[in-house]
Amino acid sequence: MSTPERKQPRIALVTGAAGGIGAAIARRLSKEGVKVVLADLRADHLAALVAENSGPFAALEVDLTDRASLPDFVDRAWEVFGGLDTLINAAGLYPSAPLLEMRDDQWDQVMDVNLSAVFSLSRAFARRVVDAGTGGHIVNISSGASARARRGAAHYCTSKAGLDMLTKAFALELAEHRIHVNAVSPGFIEVDSEVNPLGADYVRSIRGGQPWPRAGVPEDIAGAVAYLCGPDAEWITGASLSVDGGAGTGNAALPLS
Ligand SMILES: NC(=O)c1ccc[n+]([C@@H]2O[C@H](COP(=O)([O-])OP(=O)(O)OC[C@H]3O[C@@H](n4cnc5c(N)ncnc54)[C@H](O)[C@@H]3O)[C@@H](O)[C@H]2O)c1
């Protein structure tokens, strides 16, 4: 019986790399010897990350709402280290807007960043990888919110539900090119985001409902991404891996019935 081909990612593009989860993923991949192109709207934060890291890190500013620019952006990222084999879609917006008050532009912005940009970037990335014939990995950072609605997050939950299906659709069509496409679905992760601030009541309540007795940290998500891009996940594609301290099982804060 032939052993499956075991390939580690070598050059990765990570979006949302100035954010809590994206930065942790970039650092983790870098520790494993991967060259990383960091992409985000916040160029100043990217520059700080590059300065702090001793491995091969490069920063590229991108606005994911500018969809027409994304194929060129992938070409630019490709040039940085002479190729790409891994794309991590970690950029995301999770603002709060009650359904009856939600404006079209609020809906559109979340859909643009969380879903449409992932489609455009992944398609551009996949075209180049198919041409290069190397195979590769796409990992989408989804959310437990893809399966459970919550107040004020109709746009967010819908975008992540769409992202889970996009993951499957890409996995199905790209398998013949040996491009793995998977999702990681975080539960609540402590990132203290400037871009996505959360209310104190919400944070208290969501923490209280988690079964596992410690908070989730960005490194939990980075570990799952590294696993999905690593040799032990060779036969995994189209999957969504929950990394949520058991939050998907139910609400641990409910009293005995
Ligand atoms: N933190 C959590 O509890 C949690 C839970 C589930 C899922 N997630 C998902 O994890 C991902 C990362 O979230 P985070 O918690 O690290 O948030 P974060 O706010 O720390 O990071 C998000 C990053 O996305 C970038 N971004 C936003 N709009 C952009 C645009 N138009 N162009 C380029 N970059 C843009 C921001 O600048 C920011 O650096 C998101 O997709 C989020 O939905 C987070």
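This is a predicted model, so every value here is computed, not measured. (Residues numbered from 1 in each chain as written. Predicted model: local features only at pLDDT ≥ 70, side-chain atom pairs only at ≥ 80, totals over all residues. Heavy atoms only, no water.)

## Some remarks on the UniProt feature "domain: Ketoreductase" (unreviewed entry) in the protein chain
Convention followed: UniProt positions are given in the numbering used here, feature names are shortened, and annotations may be inferred rather than shown by experiment. The way it works is that DSSP assigns letters per residue, a run of H or I at least four long becomes a helix, a run of E at least two long becomes a strand, and they are numbered from the N terminus.
The positions that UniProt labels "domain: Ketoreductase" (unreviewed entry) are, in the present scheme, residues 10-187. Across residues 10-187, the secondary structure splits into 47% helix and 19% strand, with the terminal C-alpha atoms separated by 28 Å.

## A look at the sheet that holds strand β3 (residues 57-61)
For clarity, the threshold we go by: Two strands are counted as paired when DSSP detects at least two bridges linking them. Comment: axis = line fitted to C-alpha atoms, over the contacting stretch for helices; angle = value between 0 and 180 degrees taken between N-to-C directions. The contact criterion used throughout is that any non-hydrogen atoms of two residues lie within 4.5 Å.
In spatial order, the strands read β3-β2-β1-β4-β5-β6-β7; together these seven strands make up an open sheet with parallel pairing. With one partner strand each, in any of the chains shown, β3 and β7 (240-243) form the two edges of the open sheet. Strand-to-strand, the axes of this sheet are offset by a mean angle of 20°, without reference to chain direction. As paired strands, strand β6 (residues 179-186) and β7 are joined by four bridges and run parallel to one another. The partner of Pro186 across the bridge, within β7, is Val243. Sheet contacts for helix α3 (residues 70-81): β1 (11-15), β2 (35-40) and β3; angle to β3, the most-contacted strand, approximately 160°.

## A few points about the pairing of β2
Just so we agree on the cut-off: Burial classification: accessible surface area is computed with a 1.4 Å probe over protein chains only, and a residue below 20% of its type maximum counts as buried, one above 50% as exposed, and the rest as partly exposed. We call a crossover right-handed when, viewed with both strands directed away from the observer, the connection leading from the first strand over the helix to the second proceeds clockwise.
Burial analysis of β2 places five of its six residues in the buried class, the great majority of the element. Relative to β2, β1 runs parallel, the two being bridged by five bridges. Along β2, the bridge assignment pairs Leu13 with Val37. Once you follow β1 into helix α1 (residues 20-31) and on to β2, the crossover reads as right-handed. Bridge analysis of β2 against β3 gives five bridges, and the strand direction is parallel. Bridge pairing links Asp40 to Glu61 in β3. Viewed along the sheet, the connection from β2 through helix α2 (residues 43-52) into β3 turns out right-handed.

## Comments concerning the pattern of salt bridges
Counted only if it meets this: Take a side-chain nitrogen of Lys or Arg and a carboxyl oxygen of Asp or Glu: if they are within 4 Å of each other, that pair is a salt bridge.
According to the stated counting rule, one finds eleven salt bridges in the structure shown. Here Glu234 ties to Arg178 by a salt bridge, and the two come within 3.5 Å at their closest N and O atoms. With Glu234 in the loop between α7 (218-228) and β7 and Arg178 in the loop between α5 (154-174) and β6, this residue pair connects regions lying 56 residues apart in the sequence. The exposure class of Arg178 is partly exposed, given its relative accessible area of 45%. It is possible to trace a salt-bridge network through shared partners that takes in Asp40, Arg42 and Glu194.

## With respect to the site of the ligand
This is how the line gets drawn: A cutoff of 4 Å decides nearness: a residue is near a molecule or strand if any of its heavy atoms lies inside that distance of it. Throughout this description, a polar contact denotes any pair of N or O atoms lying within 3.5 Å of each other; where both atoms belong to protein, one of them has to be capable of donating a hydrogen while the other can accept it, and for residues adjacent in sequence the pair is counted only when both atoms sit in side chains. Surface accessibility follows the Shrake-Rupley procedure with a 1.4 Å probe radius. Residue values consider only the protein chains on display as shielding. Each residue gets one label: Ala, Val, Leu, Ile, Met, Phe, Trp, Tyr, Cys and Pro are nonpolar, Asp, Glu, Lys and Arg are charged, and the others, such as Gly, are polar.
Inspection of the region around the ligand gives 31 residues, with Asp40, Tyr94, Tyr156, Ile189 and Ser193 positioned closest. In this structure, Ala90 approaches the ligand through a main-chain N or O atom, which is 3.3 Å from an oxygen atom. A distance of 2.9 Å is found between an oxygen atom of the ligand and a side-chain nitrogen or oxygen belonging to Lys160. Here the ligand loses 96% of its free accessible area of 820 Å² to cover by the protein chains. Looking at the shell around the ligand, the elements with two or more residues in it are α1 and α5. Taken together, the residues of the shell around the ligand sort by class into 17 nonpolar, ten polar and four charged.

## Description of the packing of α3 against helix α4 (residues 104-132)
Inclusion rule: The labels follow the angle: roughly parallel below 35 degrees, roughly antiparallel above 145, roughly perpendicular from 65 to 115, and oblique for the rest. Put simply, a crossing is left-handed when the front helix is turned counterclockwise from the back one by less than a right angle, and right-handed when it is turned clockwise.
Following both chains from N to C, one finds α3 and α4 inclined at 50°, their axes separated by 9 Å at the closest point. Accordingly, the angle class assigned to the pair α3 and α4 is oblique. Crossing handedness for the pair α3 and α4: right-handed. Two secondary-structure elements touch here, α3 through Leu70, Pro71, Phe73, Val74, Asp75, Trp78 and Glu79 and α4 through Ala117, Ser120, Leu121, Ala124, Phe125, Arg128, Val129 and Ala132. Partitioning the contact of α3 with α4 into residue classes produces eleven nonpolar, one polar and three charged.

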